[in-house]
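# Descriptive analysis of the structure
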Amino acid sequence: MKVLLTGATGYIGSAVTDHLVAAGHQVVALTRGAEPQPGRGWHAQVVGDTADPASLAGTVTPEIEAVIHLAPPSGDVDVDIAVIEALAAPLRGTRRPFVYTSGVWVLGATGDAQEVGEETPTDPIDIVGYRPQIERRVLAEVAEGVRAVVVRPGIVYGRGGGIPAILVDRARRQGTPEYYGVEGVHWPTVHVDDLAELFVAAVERAEPGTVWHGVGESAVPVRDLARAAGRAAGVLAAPQVVPVEQAAEVFGPLFAEALALDQSVSGAAARTALGWQPGRPGAVAELTTGSYRPVEVFGAPEGPETDTAVAAIRRVVAEVEQAQQNELVDRFLSVFRRQDPVWTTGHGKRLSGFEEIETFTRKVLPGAMAESTAVYDVERVLFLKPDVAAVNVRQQPVRHDGTRITDRPEGRPFYILVKEDGTWRVGAAQNTVVAD
Ligand SMILES: NC(=O)c1ccc[n+]([C@@H]2O[C@H](COP(=O)([O-])OP(=O)(O)OC[C@H]3O[C@@H](n4cnc5c(N)ncnc54)[C@H](OP(=O)(O)O)[C@@H]3O)[C@@H](O)[C@H]2O)c1
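Calculation criteria
- Residues numbered from 1 in each chain as written.
- Predicted model: local features only at pLDDT ≥ 70, side-chain atom pairs only at ≥ 80, totals over all residues.
- Heavy atoms only, no water.
- Helix = DSSP H or I, 4+ residues; strand = E, 2+ residues; numbered from the N terminus.
- Contact = heavy atoms within 4.5 Å.
- UniProt positions renumbered as here; feature names shortened; annotations may be inferred.
- Phe/Tyr/Trp six-rings, centres within 6.5 Å; stacked < 30°, edge-to-face > 60°.
- Buried < 20%, exposed > 50% of the residue type's maximum accessible area, 1.4 Å probe, protein only.
- Lys NZ or Arg CZ within 6 Å of the ring centre and 35° of its normal.
- Core = buried A, V, L, I, M, F, W, Y, C linked by side-chain atoms within 4.5 Å.

The name that an unreviewed UniProt entry assigns to the protein is SgcJ/EcaC family oxidoreductase, with the source organism given as Streptomyces alboniger.

### Focus: the environment of Gly-282
Residue placement: Gly-282 occurs in the loop between helix 9 (268-274) and helix 10 (283-289). In this structure, the C-alpha to C-alpha distance between Gly-282 and Gly-348, residues 66 residues apart in sequence, is 36 Å. Setting aside chain neighbours within four positions, we find Gly-282 in contact with Tyr-157 and Glu-217.

### What to know about the UniProt feature "domain: NAD-dependent epimerase/dehydratase" (unreviewed entry) in the protein
If you check UniProt for "domain: NAD-dependent epimerase/dehydratase" (unreviewed entry), the listed places come out as residues 3-207 in our numbering. End-to-end, the C-alpha atoms of residues 3-207 are 17 Å apart, and along that stretch the chain is 29% helix and 20% strand.

### Let's talk about the UniProt feature "domain: DUF4440" (unreviewed entry) in the protein
According to UniProt, the positions carrying the feature "domain: DUF4440" (unreviewed entry) are residues 313-426. Each end of residues 313-426 is marked by a C-alpha atom, and these two atoms are 10 Å apart; helix forms 25% of the span and strand 36%.

### Regarding the packing of aromatic side chains
Per the stated rule, a full pass over the model turns up eight aromatic pairs. Centroid distance Phe-332 to Phe-336: 5.4 Å. Interplanar angle 70°. Geometry classified as edge-to-face. What makes Phe-332 buried here is its relative accessible area of 3%. A ring pair is formed by Trp-343 and Phe-360, whose centres lie 6.0 Å apart and whose planes are at 80°; its orientation type is edge-to-face. In this pair, Trp-343 sits in strand 14 (residues 342-344) while Phe-360 sits in helix 13 (residues 354-364), placing the two residues 17 residues apart along the sequence. Exposure remark for Trp-343: the relative accessible area of 14% places this residue in the buried category. Here the aromatic cluster, defined as three or more aromatic residues joined through ring pairs, consists of Trp-105, Tyr-180, Phe-251 and Phe-255. The ring of Phe-354 has Arg-338 lying over it, and the distance from NZ or CZ to the ring centre is 3.9 Å.

### Describing the nonpolar core
The biggest cluster of nonpolar side chains holds 39 residues, and the ones touching the most others in it are Trp-105 and Trp-187. Of all elements in the fold, only strand 7 (155-157), helix 4 (163-174), strand 8 (178-180), helix 6 (222-233), helix 7 (244-251), helix 8 (253-259) and helix 10 reach the threshold of two or more residues within this core. By residue number, the principal contributor to this core is helix 6, which donates seven residues. Other than its neighbours up to four places away in sequence, Trp-187 contacts Ile-155, Ile-163, Leu-167, Glu-217, Ser-218, Ala-219, Val-220, Val-222, Leu-225, Leu-259, Leu-261 and Gln-263.

Okay, structure coming up:
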C-alpha cells in the first residue's frame with residue numbers, strides 16, 4: 001500500500017516508517033518543510049502543516065491507499081477537526097484505511113479497575129481533554145465509506161526515546177531517580193517497535209470503526225521504571241516520588257498530571273483480533289540493559305546485525321547478573337560454553353573447564369548474596385570476529401534495593417563471548433577489582 005504518514009519524522013513515526021517498509025508498503029511522508037531527508041526509507045515526501053489544515057489540500061492524492069495520522073494535536077479542537085476533514089475526505093467511498101493516533105490518557109485514571117479495555121468510556125485528563133471528540137469525528141468517517149480506525153498507544157519506550165528518556169535525563173541531572181504523583185502509580189507501556197507493528201496490522205486488517213489499545217504491559221509500576229531509569233543514567237539510588245505540584249514547576253501542570261496518572265490498560269484485544277504479538281523486552285528491561293544505555297561497539301559495521309548481536313551479548317551479561325543476584329547456580333552455569341571455559345574470579349582464583357567452574361559455583365553462590373549483590377553493565381564490545389566478542393563490563397556492588405554500596409570497590413569483568421549454534425556464551429571470563 002502507498003501510505004501517507006503524518007508525524008513521519010517523529011519518535012513513533014520513524015519506527016512506523018521502518019515497519020511499513022519492512023512489510024512491503026510505501027511511505028509518503030507529510031513533513032512541515034520541503035528539505036529532503038535522505039536515509040529515512042520514505043518513498044516520497046509531501047509538504048503540509050497540521051496547524052494549517054488548508055495546507056493539507058491535495059496531499060491525499062488518488063494513489064494514496066491509506067493514511068496514518070501521527071502528528072500531535074494542535075491544541076485547537078477546530079483546527080484538529082479540520083485536519084481530519086482534509087485528510088479523510090479524499091478517502092470517502094473508497095473503504096481505504098484512515099488510522100488516527102490517540103493515546104491511553106483519554107481513559108483517565110483507571111482506579112481499582114484492572115486492565116481496562118477499549119469498551120471503557122473515556123474520561124480524559126486535561127492534556128488530552130478534547131481528544132475523545134477527535135476520535136469520534138474520525139470514527140464517524142465509517143459512515144462515509146472510510147475504514148476509520150483509532151490506535152491508543154500506552155507510554156511508548158524503546159530506541160532510547162519517548163517519555164522514559166525524560167526519566168533517564170532527570171535522574172542524570174538530579175542525581176536521584178524520580179517519579180511523580182504518589183508512590184503506587186502504574187503506566188501501561190509499549191515498545192515503539194511493537195507499536196509500529198500494531199500500526200501496520202491496523203492499516204492492513206483492522207475493521208472499520210474499531211479502537212485498539214497499543215499496550216504491551218498493562219500496568220508497570222513507575223517506581224520500577226524510575227529505578228531502571230536511574231540505572232540507565234548511572235545513578236544507583238532509591239527513586240524518590242515528587243508531588244505533582246512540584247513536578248508541575250518542571251513540566252507544566254498538564255504534563256505533570258499526565259506523568260502522575262495511574263492506569264492499568266489491556267492490549268489484549270489487538271493480540272486476539274489482529275494477531276498483534278508485542279514481544280520485545282519490557283520497559284524495565286529496556287531501560288536497564290537496552291537502548292537507554294549506549295554501549296561502545298568496535299570491530300563491526302553499524303547496522304541491524306550488529307545491533308542484534310550487541311543486544312544478545314547484553315542479554316548474556318544480564319543473565320549473569322540475574323543468576324548472581326538470585327543465587328541461581330544452574331542459570332549461572334548456562335551462560336558458559338561447555339568446551340574448556342575458563343573463569344578467573346575477582347580474587348584471582350582460576351577455574352579451568354566446566355567442571356571446575358560448576359563445583360566452585362555450587363559451593364560459593366548459594367548464600368553469597370545474603371548481605372549485598374551487584375549490577376553488571378556492558379560498557380564496551382569489541383568484535384574480534386563476527387562470532388567472537390571481547391566484552392568489558394562494569395560491576396558495582398549494590399544493596400538489595402538497588403542502591404550503591406559506596407565503600408566497596410567496583411569490579412571490571414572482562415568476558416570473551418563466542419556465538420555457537422546461534423547462541424552467545426562465555427568462553428573465558430576474568431574479573432578484576434578496581435583499586436583506588
Ligand atoms: N510518545 C508517546 O508515549 C505517545 C503515547 C501515546 C500517544 N502518542 C501520540 O502519538 C503521536 C506521535 O507522538 P511522538 O511521540 O512520535 O511525537 P514526536 O516525536 O514529537 O513527533 C511528532 C511528529 O509530528 C510532526 N509534527 C508536529 N507538528 C506538526 C505540524 N504542525 N504539522 C506537521 N507535522 C507536525 C513532527 O514533525 P517535525 O519533524 O516537523 O517536528 C514529528 O514528525 C502524537 O499524536 C502523540 O500524542 C504518543
